[in-house]
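Fold and geometry: a report
Below are the chains, spelled out letter by letter.
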Amino acid sequence: MSLDVSPALLEKAERGEVSDAEFVACVRESLPYAWEVITGVIAEADTAADGFADNETPPPDETARGQLLRALASDAIRGGLERHFGVKLAFQNCHRVAVFRDTDGDRYQAFVSPRGQLLNQSPELRDC
């Protein structure tokens, strides 16, 4: 299961739309490791001159890795986080989370390109 959804939030979803704020709160509570990594990278990007930051530290265990995968592989979760924080999230190798404020720039295009993915490979990452 990706998220721990309270009965009240599930009931609300069954009746109709749920706000982004409610959804993001559910993500924050359900995926604390992913939330910590993503908000940490966003904080770094906020102070970076070019608005870019990334996390290259592998998760401490498979539970944490699973949280990152669930957060960034789900269009709904990833989109909700991007709207909430006003950023574009990019993801490589099961743990490298990057934040971009400008998706038109060369840095974003290089990060999400096949070449960027290939250049970010190493034997240590083959298990993810």
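Please refer to the structure placed before this passage.
What comes next is a walk through the structure. Note that the structure is a prediction, hence the values are computed from the model and not measured.

**Focus on the overall build of the chain**
- Helices and strands together make up the secondary structure of the chain, namely 7 helices and 3 strands.
- Helices and strands in the chain line up, N terminus first, as α-α-α-β-α-α-β-β-α-α.
- Accessible area for the chain stands at about 7500 Å²; split by element, carbon and sulfur atoms hold 51% of it.

**Some remarks on the side chain of Glu-82**
- If you trace the backbone, Glu-82 turns up in helix α5 (residues 75-85).
- Classification of Glu-82 by relative accessible area gives buried; the value is 14%.

**Quick notes on the sheet that holds strand β2 (residues 88-92)**
- One open sheet holds the 3 strands; their spatial order is β1-β3-β2, and the pairing between them is antiparallel. Bordering the open sheet on either side are β1 (53-55) and β2, each of which pairs with just one other strand. On average, each strand axis in the sheet is inclined to that of its neighbour by 20°, with strand direction left out of account.
- Relative to strand β3 (residues 96-100), β2 runs antiparallel, the two being bridged by 5 bridges. From the neighbouring strand, Gln-92 faces β3, where its bridge partner is Arg-96.

**Examining the pattern of salt bridges**
- Inspection of every chain in the model, using the stated rule, returns 8 salt bridges.
- In this structure, Arg-15 and Glu-11 form a salt bridge, with 3.1 Å as the shortest nitrogen-oxygen distance. In this pair, Arg-15 and Glu-11 are both assigned in helix α1 (residues 7-15), 4 residues apart and thus about one turn of the helix distant.
- Assessed through its relative accessible area of 47%, Glu-11 is described here as partly exposed.
- Because the salt bridges share partners, they merge into one network encompassing Arg-78, Glu-82 and Lys-88.

**A short note on the environment of Glu-29**
- If you trace the backbone, Glu-29 turns up in helix α2 (residues 20-30).
- Using a relative accessible area of 58% as the deciding quantity, one classes Glu-29 as exposed.
- Taking the C-alpha atoms as reference points, Glu-29 and Leu-3, separated by 26 residues in sequence, lie 8.5 Å from one another.

Calculation rules
Residues numbered from 1 in each chain as written. Predicted model: local features only at pLDDT ≥ 70, side-chain atom pairs only at ≥ 80, totals over all residues. Heavy atoms only, no water. Helix = DSSP H or I, 4+ residues; strand = E, 2+ residues; numbered from the N terminus. Areas by Shrake-Rupley, 256 points an atom, 1.4 Å probe, with all protein chains shown as cover. Buried < 20%, exposed > 50% of the residue type's maximum accessible area, 1.4 Å probe, protein only. Pairing = 2+ DSSP bridges. Axes fitted to C-alpha atoms, helices over the stretch in contact; angles between N-to-C directions. Salt bridge = Lys/Arg side-chain N within 4 Å of Asp/Glu carboxyl O.

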